Amino acid sequence: MATLTTPKIEARSVSKIYVSARTGDKVEALRGVSFSMKPGEFVSIVGPSGCGKSTLLSLIAGFATPSAGEVLFDGKPIDGPDPARGVMFQDYALFPWRTVRGNVEFGPMARGVDKTRRAAIVARNIEMVGLAGFEDRYPHELSGGMRQRCALARLLANEPDMWLMDEPLAAVDLQTRVILQDELLRLWGDAGDPAQRRAVLFVTHGIDEAVYLSDRVIVLGRRPGQVKEIVDIDLPRPRIGARTAPRAAALIDHIWNLIRAEAAQAIVEEP
Ligand SMILES: Nc1ncnc2c1ncn2[C@@H]1O[C@H](COP(=O)(O)OP(=O)(O)O)[C@@H](O)[C@H]1O
Ligand SMILES: [Mg+2]
């Protein structure tokens, strides 16, 4: 039974080893990762390339299972994907043969929501991400930023209890990213009642992005990914409009100092 004190997510000593079906080669992606998330908390995961960030997210999404340890959602072991945990990726992952409306409508349709309610959900979410007027466009007719807005609307249309986001803003240009960071905060409820917020687990390699958005930042070390430190981001909310607080700069420096040497090493070792 989930109670007020039940963590939204609890990862207990999670390890993940990939075994190649062809060669039997093993890659240890994660080792002994433990953390928990409160309902409504915005948590980011940062760490050098290849340290297991996407792996950790896919375990929580239910796309993969840990090799050891366990992950609990509302106190129950995760045993597969669940629309309650909405996922958004870096590379748009929109259906190219569906319009904006068709993409956003997909989740509610798959869940069997009737046509009238579906139309209302779709209209509300398209409006919310600022894509009203673009309902009939196909993904290739949209800019990168608009595609990510569409992906966000698609996620929201499922009314998930938690948002899992894997570098959702990595593929857009810097100015678009800054705007979408603020949109994301607004949709999450940066300025609103904390009790109305969804839990967000947000993978990024942007350290300033992680600090700007998050309540806490989980810093992973290089492969096999292990938790180096979990940094409390004690910046006041609302954050929109306050990107350059001196305290934010100090937190960014602190996180950089944790991963600088390892990030440099990861560049040398990446295939
Ligand atoms: N399906 C897979 N099979 C084998 N190895 C994988 C698989 N997915 C990821 N890996 C390996 O696991 C490690 C962690 O990958 P990933 O979680 O994608 O890291 P990150 O997202 O931090 O860049 C990398 O060495 C990667 O090559
Ligand atoms: Mg990744």
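For the structure itself, consult the block above.
In this report, we go over the structure that sits alongside the text. (Residues numbered from 1 in each chain as written. Chains lettered and ligands numbered in written order. Predicted model: local features only at pLDDT ≥ 70, side-chain atom pairs only at ≥ 80, totals over all residues. Heavy atoms only, no water.)

With respect to the helices, strands and loops of the structure, Leu-155 is situated in helix α4 (residues 144–157). Expressed as a C-alpha distance, the spacing of Leu-155 and Met-88, which sit 67 residues apart in the sequence, is 6.8 Å. Excluding residues that lie within four positions of it along the chain, Leu-155 makes contacts with Gly-86, Val-87, Met-88, Pro-160 and Trp-163. (Helix = DSSP H or I, 4+ residues; strand = E, 2+ residues; numbered from the N terminus. Contact = heavy atoms within 4.5 Å.)

Turning our attention to the side chain of Ser-214. Relative to the assigned elements, Ser-214 resides in the loop between α6 (207–213) and β9 (216–220). What makes Ser-214 buried here is its relative accessible area of 0%. Among the polar contacts made by the side chain of Ser-214, one reaches the main-chain carbonyl oxygen of Ala-210 at a distance of 2.6 Å. Excluding residues that lie within four positions of it along the chain, Ser-214 makes contacts with Phe-42, Val-43, Ser-44, Ile-233, Arg-237 and Arg-239. (Buried < 20%, exposed > 50% of the residue type's maximum accessible area, 1.4 Å probe, protein only. Polar contact = N/O pair within 3.5 Å; in protein donor to acceptor, adjacent residues only side chain to side chain.)

Looking now at the site of ligand 1. If you check the shell around ligand 1, you find Tyr-18, Val-27, Ala-29, Ser-49, Gly-50, Cys-51, Gly-52, Lys-53, Ser-54, Thr-55 and Arg-223 and nothing else. Separating an oxygen atom of ligand 1 from a backbone N or O atom of Cys-51 is a distance of 3.2 Å. Separating an oxygen atom of ligand 1 from a side-chain N or O atom of Thr-55 is a distance of 2.6 Å. For ligand 1, whose unbound accessible area comes to 560 Å², protein coverage reaches 61%. Sorting the residues of the shell around ligand 1 by element identifies β2 (26–37) and α1 (53–61) as the ones contributing at least two each. Looking at the shell around ligand 1, the element that brings in the most residues is α1, giving three residues. (Near = heavy atom within 4 Å. Areas by Shrake-Rupley, 256 points an atom, 1.4 Å probe, with all protein chains shown as cover.)

With that settled, the discussion passes to unusual backbone geometry. Of all residues except glycine, most have a negative phi; of all peptide bonds, most are trans. In this model, Arg-223 is joined to Pro-224 through a cis peptide bond whose omega is -10°. By the element assignment, Pro-224 lies in the loop between β9 and β10 (227–232). With a phi angle near 50°, Glu-159 is a residue other than glycine that sits in the positive phi range. For Glu-159, the location among the structural elements is in the loop between α4 and β7 (162–166). Owing to a relative accessible area of 38%, Glu-159 belongs among the partly exposed residues under this scheme.

Relative placement of two packed helices is described by the angle separating their axes and the distance separating the axes. Put simply, helix α2 (residues 100–110) and helix α3 (residues 115–128) touch, their axes get as near as 9 Å, and they point 130° apart. It follows that α2 is oblique to α3 by the angle criterion. Remark: the crossing between α2 and α3 carries right-handed chirality. Across the interface between the two elements, Val-100, Arg-101, Val-104, Glu-105, Pro-108 and Met-109 from α2 touch Arg-118, Ile-121, Val-122, Asn-125 and Ile-126 from α3. (Axes fitted to C-alpha atoms, helices over the stretch in contact; angles between N-to-C directions. Parallel < 35°, antiparallel > 145°, perpendicular 65-115°, else oblique. Left-handed = near helix turned anticlockwise from the far one by under 90°.)

Moving on, we get to the packing of α4 against helix α5 (residues 174–188). Axis separation between α4 and α5 bottoms out at 11 Å; the angle between their running directions is 15°. The angle between α4 and α5 places the two elements in the roughly parallel class. Like other packed secondary-structure pairs, α4 and α5 cross with a definite hand, here right-handed. Counted together, Gly-145, Gln-148, Arg-149, Leu-152 and Leu-156 of α4 and Thr-176, Ile-179, Leu-180, Glu-183, Leu-184 and Leu-187 of α5 form the full contact between these two elements. Taken together, the residues that form the contact of α4 with α5 break down as six nonpolar, three polar and two charged. (Nonpolar A, V, L, I, M, F, W, Y, C, P; charged D, E, K, R; others polar.)

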